[in-house]
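The residues making up each chain are set out below.
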Amino acid sequence: MSRAFVKGGDAIAEAAIRAGCRFFAGYPITPQNEIPEYFAKHLPEAGGSFVQGESETASINMVFGASLSGTRCMTSSSSCGISLKSEGFSYLAAARLPSVICSVQRGGPGYGSIKPAQSDYLQATKAAGNGGFKMIVFAPSTVQETIDHIYEAFDYADKYRNPTMVLLDGVISTMMEPVVFPEPLTEEQVQAIKDSKTWALNGKKAGDKKKLITGGATEQSNMECAEMYEYWAEHETRAEEYLVEDAEFILTAYGTTARVARAVVDTLRKEGIRAGLIRPILVNPFPYKSFAKLDYSKVKCVIDLEMTIPAQMIEDVKLGVLGKAPIRTVLRSCGEVMTDDFALGGVKKIIEEY
Amino acid sequence: MKRSLLIGGFGGQGVMVTGQLLCYCAAEETEDKQVTFFPSYGAEQRGGTANCYVIISDTAIGSPMVDYADELIVFNNPSLDKFEECVKPGGTIIINSSVVDKEPTRKDVKTVKIPAIEIALKLGSPKVQNLVMLGAYVGYTGLLDPEDVKRTAEKKLGGKRPEFIPLNNAAFDRGWEIGHAAAR
């Protein structure tokens, strides 16, 4: 199949439509405006509905409604827009409603800047809303992987009846790369998925049983969620372990920064330095095991690279390393995009100390 | 092989289109080249300087942005001021000398001057100045087959304004000749 050269934002929307997404609601915010723009143009062509809500809150509640009807649905936003939608994420999690949330991160601190960064890792993985719920969070590092993850995220959302997040930053949403798209689901397949959701509220016909989606505020539903999160931790973690077997220096990074870290590992290897990379492909559940199983008789240092200051993923890396090796950081923030040279320089400076 | 390019100019001069055409060509006319296009993002896109990074490589690309590019194409004075420092020693600055009326201060880089607007005007329209610059880059670097690039330009630009195709091609060829001659 021939390659297409597409922008991250456009690729996200196209992948979603191919995965059977038939409802999108959102509210404009940089740097993810290509996503709603593409949906506005192409979702109606696929028989779906695009709504630009009057606010983030309205949009996420429209997604709630669409999901209740069994329709594959999605929203996207960036940083402060994600914060405004967080109440709706909590509702989705409480009612156990599938949906895909695309979070395109900008810079901090707090409200921060519109420029690309990775400032919302903790928000995405620990508390995307109130109430202690968790989501499976994908962290793609190329436009191709973004397409694959968006496509897959709809299956995960349906499988676990839970909102699922794809966590990006403003680099991947605005850059262009060659990609190959997956085959679109047929209308019959899209309908079959919808029909398989026996819990969906899609009109009570004579003789049908009454259905209730209660929002689950019982201890029992909390325990069911906890069980699901434990199952994820056991069965759904996903990481790329690149040249780690003999590595003395383990680099770790996700998303845009991970592609940079991989290039750094390649350069270091050419210079005879034994470097490797652990790249969480899902940042929740986090691949603690990839760190736990390292041979710490060899590992001199773990180096965490992120586009946020202070580092955030480092909290999870610490839980994986458990004090068995020192953890250092190479960081950029607020629109200062991590380049290969910057990362290599930072990593080398650390390596010299060991 | 990994080649990086930074292009800067005013919004409306065709900075993004120039970069994208290179990328479309590398991505769609080859099977295996890795390509990234990364536009500058922010308020400076309105009225001020627009810029983008293009990387074409045989292997996986790390960051789509580089601190130091192999080549820099500048369409205006502010871009030369801002990005002159972002060229590798021994690299090249390709200058739209119809607009840029100053010399680079760097002594460790090569300079190729293209009077893109004069050439474009002689051909019939100042609008094709970016095709002249694109041709110059392709001629200078030899990175892509000029026929492939012209076919890509026709595919991407010809749909809206088919009457511009011969003009685009002539502009590209003229730029290519100057770029090619400068590389020798």
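Please refer to the structure higher up on the page.
My aim in this report is to walk through the structure given alongside it, one point at a time.

Side note on the side chain of D340(A)
Checked against the element boundaries, D340(A) lands in helix α13 (residues 340-351). For D340(A), a relative accessible area of 16% translates into the label buried. Here K2(B) takes part through its side chain, which lies 3.4 Å from a polar atom of the side chain of D340(A). Reaching out from D340(A), the side chain makes a polar contact with the backbone nitrogen of S63(B) at a distance of 2.8 Å. When near neighbours in sequence (up to four residues on either side) are disregarded, D340(A) contacts V260(A), A263(A), V264(A), K2(B), G62(B) and S63(B).

Section: the environment of E84(B)
Residue and element names in this part refer to chain B. Mapped onto the elements of the fold, E84 is located in the loop between α2 (77-83) and β5 (87-96). It is 9.7 Å that separates the C-alpha atoms of E84 and Y68, two residues lying 16 residues apart in sequence. Setting aside chain neighbours within four positions, we find E84 in contact with L72, S79, I93, P104, T105 and R106. A distance of 2.6 Å separates the side chain of E84 from the backbone nitrogen of R106, its partner in a polar contact.

Description of the sheet that holds strand β10 (residues 239-242) of chain A
All names here are of chain A. If you walk across this open sheet you meet the 5 strands as β10-β12-β11-β14-β15, and the pairing is mixed. Single-partner strands in this sheet number two, and they are β10 and β15 (327-331). Taking each pair of neighbouring strands and ignoring which way they run, the sheet shows an average axis angle of 20°. The sheet contact formed by β10 and strand β12 (residues 275-280) spans 4 bridges and is antiparallel. Note that in β12 the partner of A239 across the bridge is P280. Along the sheet face, helix α10 (residues 255-270) touches β10, β11 (249-252), β12 and β14 (301-306) and points at about 165° away from the line of β12.

Thoughts on the pairing of strand β1 (residues 2-10) of chain B
Residue and element names in this part refer to chain B. Relative to strand β3 (residues 49-57), β1 runs antiparallel, the two being bridged by 9 bridges. Its bridge partner being in β3, K2 is matched across the sheet by S57. As paired elements, β1 and strand β4 (residues 69-74) share 4 bridges and run parallel to each other. Residue pairing for β4: L6 is matched across the bridge by L72.

Conventions we followed
- Residues numbered from 1 in each chain as written.
- Chains lettered and ligands numbered in written order.
- Predicted model: local features only at pLDDT ≥ 70, side-chain atom pairs only at ≥ 80, totals over all residues.
- Heavy atoms only, no water.
- Helix = DSSP H or I, 4+ residues; strand = E, 2+ residues; numbered from the N terminus.
- Buried < 20%, exposed > 50% of the residue type's maximum accessible area, 1.4 Å probe, protein only.
- Polar contact = N/O pair within 3.5 Å; in protein donor to acceptor, adjacent residues only side chain to side chain.
- Contact = heavy atoms within 4.5 Å.
- Pairing = 2+ DSSP bridges.
- Axes fitted to C-alpha atoms, helices over the stretch in contact; angles between N-to-C directions.

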